[in-house]
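What follows is each chain in one-letter form.
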Amino acid sequence: MNTSAPHTRSAFRGAPTGLLGLGTYLPSRKITNEEIAERIDSSDEWIRSRSGIRVRYWAEPSETVEYMAATAAERALEHAGIDAREVGCVIVSTVSHLHQFPSLAAGVAHRIGAGAPGAFDISAGCAGFCYGLSLASDMITAGSARHVLVIAVERLSELLDPTDRHTAFLFGDGAGAAVVGPSDEPGVGPVVWGSDGSQKDTIRQTHSWAALRETPGPGMPHITMDGREVFRWAAYQLGPIAEEALARAGVSAADLDAFVPHQANARITDELVKGLDLPAGVAVARSVEIHGNTSAVSVPLAIEELLAGGDARPGGLALLLSFGTGLVWAGQVVRLPPAPAGPPRPAVTAPTTDTNPTAPAKETQS
């Protein structure tokens, strides 16, 4: 926790909105490096040195994207003390909802009893949570909604080639949600976001769903990635984006309590920290070790981990920085929400079924 930084209430420029509550869901199936190493002729040591990842969690069949998203959303609402009927819009970021339509957001909104809010999905890969926060804050500032649920959910294990040495060990499943609402002081800084379509093939689906019409078909598409190019791009292009986000928020690195980069790879985080020259008191999220790369979910998971562990303080300022398929990116400074009851914990058991969206089974938390 940054105890030496001056109080920055008057310096922080942003919208009069804030993160009122957080909620997360980690699925029940723990996957160790040893289990994956067998399939890719590798080792725990090789995976750790290459990515920093020790374990990740994959969803059982009943832990659907809708179930995980709704559970995280309900926990965020409870944390914020907001009734679902007060939600004016639900935004879900996902690239692993395998139904082209209807949107996952509409189903989640119905499932949590949110009435008839605006509801839509966004596809911004690992940057999706930060994209959603910006959209939510702008909606509230404009008066379009009073409370917005921003949810990130991924079930990437279903899109992995378990024999691909480049990706099989990287990704985890889960969900994270935040309630964004009005605040007496700025809580969501201006977003710095962008895209570079010339890099669209660096992280992509191997082939389109349309290819499945062919006989014999190519099978289920899976994630493919040029890891070397992504590393080079992220390590050296994201620094200026982070600095611009700080400048637009009117703060410096010394004002931060925490730095929460997308948990893609520990080596990328190390390069970013080095480039930003963060003061020693700024907590750096490093939950990739215990969650893997959960795409857009990684930012809310990491925030909850930092707050629950006392590494960052509620109300402190955090720089969020994310990037993903597109390539797209987003960064903003936010004021951290109240501390959650505990860190993200995997479900002890998966629900028996997920066939009744209006009455979801409840998993037991450890």
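For clarity, every value in this text was computed on a predicted model and none was experimentally measured. All chains use their own residue numbering, which begins from 1 and follows the written sequence. Local features in this predicted model are restricted to residues whose pLDDT is 70 or higher, and side-chain atom pairs enter the listing and the counts only when it is 80 or higher, whereas totals over whole chains, interfaces and linings include all residues. For side-chain calculations, the full set of non-hydrogen atoms in the structure is used, while hydrogens and water are omitted.

Chemist: I'd like a rundown of the sheet that holds strand β4 (residues 89-93), residues and numbers included.
Modeler: With respect to topology, 5 strands assemble into an open sheet ordered β1-β7-β6-β4-β5, the strand pairing being mixed. Each of the sheet's edge strands pairs with one partner strand only, and the pair in question is β1 (17-25) and β5 (118-122). For this sheet, the mean inter-axis angle between neighbouring strands, taken without regard to orientation, is 15°. At least two DSSP bridges between two strands are needed for those strands to be called paired. The helix and strand labels rest on DSSP assignments: H or I over at least four residues marks a helix, E over at least two residues marks a strand, and numbering proceeds from the N terminus. As paired strands, β4 and β5 are joined by 5 bridges and run parallel to one another. From the neighbouring strand, V90 faces β5, where its bridge partner is A119. Of the strands in this sheet, β1 and β7 (174-182) are in contact with helix α9 (residues 298-308), which crosses β1 at around 95°. With axes taken as lines fitted to C-alpha atoms, and helix axes fitted only over the stretch in contact, angles between N-to-C directions fall between 0 and 180 degrees. Throughout, a residue-residue contact means that at least one pair of heavy atoms, one from each residue, lies within 4.5 Å.

Chemist: Report on the layout of surface pockets, specifying residues and quantitative values.
Modeler: One number sums up the size of the largest pocket: a volume of about 1200 Å³. Lining the largest pocket are 47 residues, and of these F171, I203, R204, I223 and T325 sit closest to its centre. Elements supplying a minimum of two residues to the lining of the largest pocket: β5, β9 (203-205), β10 (223-225), α6 (227-249), α7 (266-276) and β13 (317-324). Examining the composition of the lining of the largest pocket, we find that 5 residues originate from one element, α6, more than from any other. A per-class count over the lining of the largest pocket returns 19 nonpolar, 19 polar and 9 charged. The definitions used throughout rest on a 1 Å grid laid over the protein atoms alone, on which a cavity is an enclosed set of points accommodating a 1.4 Å probe that cannot get out and a pocket is an open set flanked by protein within 12 Å on both sides along at least five of seven lines; lining residues are those having an atom within 4 Å of a point. Grid points are joined across faces, edges and corners, and a volume is the space filled by probe spheres set on the points. All amino acids are sorted into three groups, where Ala, Val, Leu, Ile, Met, Phe, Trp, Tyr, Cys and Pro are nonpolar, Asp, Glu, Lys and Arg are charged, and the leftover types, Gly among them, are polar.

Chemist: Report on the pairing of β1, specifying residues and quantitative values.
Modeler: With 8 of 9 residues buried, β1 lies mostly within the body of the structure. Direction of pairing for β1 relative to β7: antiparallel, over a ladder of 8 bridges. Residue pairing in the sheet places L22 in a bridge with A178 of β7. Relative accessibility under 20% of the residue-type maximum defines a buried residue, over 50% an exposed one, and the middle range a partly exposed one, all with a 1.4 Å probe and only protein chains included.

Chemist: I'd like a rundown of the nonpolar core, residues and numbers included.
Modeler: The set of buried Ala, Val, Leu, Ile, Met, Phe, Trp, Tyr and Cys residues whose side-chain atoms join them within 4.5 Å is what this entry labels a nonpolar core. Counting residues in each nonpolar core, the largest one holds 50 residues, and the members touching the most others are L238, F259, L319, F323 and V333. Going through the elements one at a time, α1 (33-40), β10, α6, α7, β13 and β14 (328-335) are the ones with two or more residues in this core. Broken down by element, the residue count for this core peaks at 11 residues, all from α6. When neighbours within four sequence positions are excluded, F323 is seen to be in contact with C126, A127, V230, W233, A234, L238, H262, A264, I268, V328 and W329.

Chemist: Tell me about the pattern of salt bridges, and name the residues and values.
Modeler: In what follows, salt bridge is the name for a side-chain nitrogen of Lys or Arg lying within 4 Å of a carboxyl oxygen of Asp or Glu. Counted under the stated rule, the structure contains 12 salt bridges. Salt-bridge contacts for E289 lead to R54; the nearest nitrogen and oxygen are separated by 3.1 Å. Here R54 lies in the loop between α2 (44-51) and β3 (55-58) and E289 lies in helix α8 (residues 288-291), a separation of 235 residues in the sequence. Accessibility expressed as a relative area gives 30% for R54, which makes it partly exposed. With a closest N to O distance of 2.8 Å, R286 and D270 form a salt bridge. Residue R286 is found in the loop between β12 (283-284) and α8, and its partner D270 is found in helix α7; the two are separated by 16 residues along the sequence. Three or more residues joined by partner-sharing salt bridges are found here, namely R29, E35 and R39.

Chemist: Which residues make up the state of the cysteines, and what values go with them?
Modeler: Working definition of a disulfide: a covalent bond connecting the sulfur atoms of two cysteines. Here, the term disulfide refers to a pair of cysteine sulfur atoms separated by no more than 2.5 Å. On inspection of all chains with the given rule, the structure shows 0 disulfides. For C89, which is in no disulfide, the shortest distance to another cysteine sulfur is to C130 and amounts to 17 Å. Take C89: its relative accessible area is 5%, and that puts it in the buried class. Cysteine C126 is unpaired, with the sulfur of C130 as its nearest cysteine sulfur at 11 Å.

Chemist: How would you sum up the packing of α1 against α2? Please name residues and give values.
Modeler: Where α1 meets α2, the axes come as close as 8 Å, and the angle between the chain directions of the two elements is 100°. Accordingly, the angle class assigned to the pair α1 and α2 is roughly perpendicular. Each of N33, E34, I36, A37 and I40 in α1 lies in contact with α2, whose residues at this interface are D44, W46, I47 and R48. A class-by-class count of the residues in the contact of α1 with α2 yields 5 nonpolar, 1 polar and 3 charged. Relative orientations are named as follows: roughly parallel for angles under 35 degrees, roughly antiparallel for angles over 145 degrees, roughly perpendicular for angles from 65 to 115 degrees, and oblique for any other angle.

Chemist: Could you give an account of a nonpolar patch on the surface, naming the residues involved and the relevant values?
Modeler: On the surface, a nonpolar cluster with roughly 320 Å² of combined accessible area is contributed by L98, W209, L212 and M220. Mapped onto the fold, L98 is located in the loop between β4 and α4 (104-111). The patch calculation keeps residues exceeding 30% relative accessible area without a salt bridge and links them within 9 Å when they carry like charges or within 5 Å when they are nonpolar (Val, Leu, Ile, Met, Phe, Trp, Tyr). Only the protein chains shown count as covering a residue, and every accessible area follows the Shrake-Rupley method with a 1.4 Å probe.

Chemist: I'd like a description of a positive patch on the surface, backed by residues and values.
Modeler: Among the surface-exposed residues, R50, R165, R228 and R267 lie close enough to one another that they form a single positively charged patch. Looking at the element boundaries, R267 is found in helix α7. Classification of R267 as partly exposed rests on a relative accessible area of 38%. In this charge count, Lys and Arg are treated as positive and Asp and Glu as negative; neither His nor the chain ends contribute. For this purpose, a charge sits on NZ of Lys, CZ of Arg, CG of Asp or CD of Glu.

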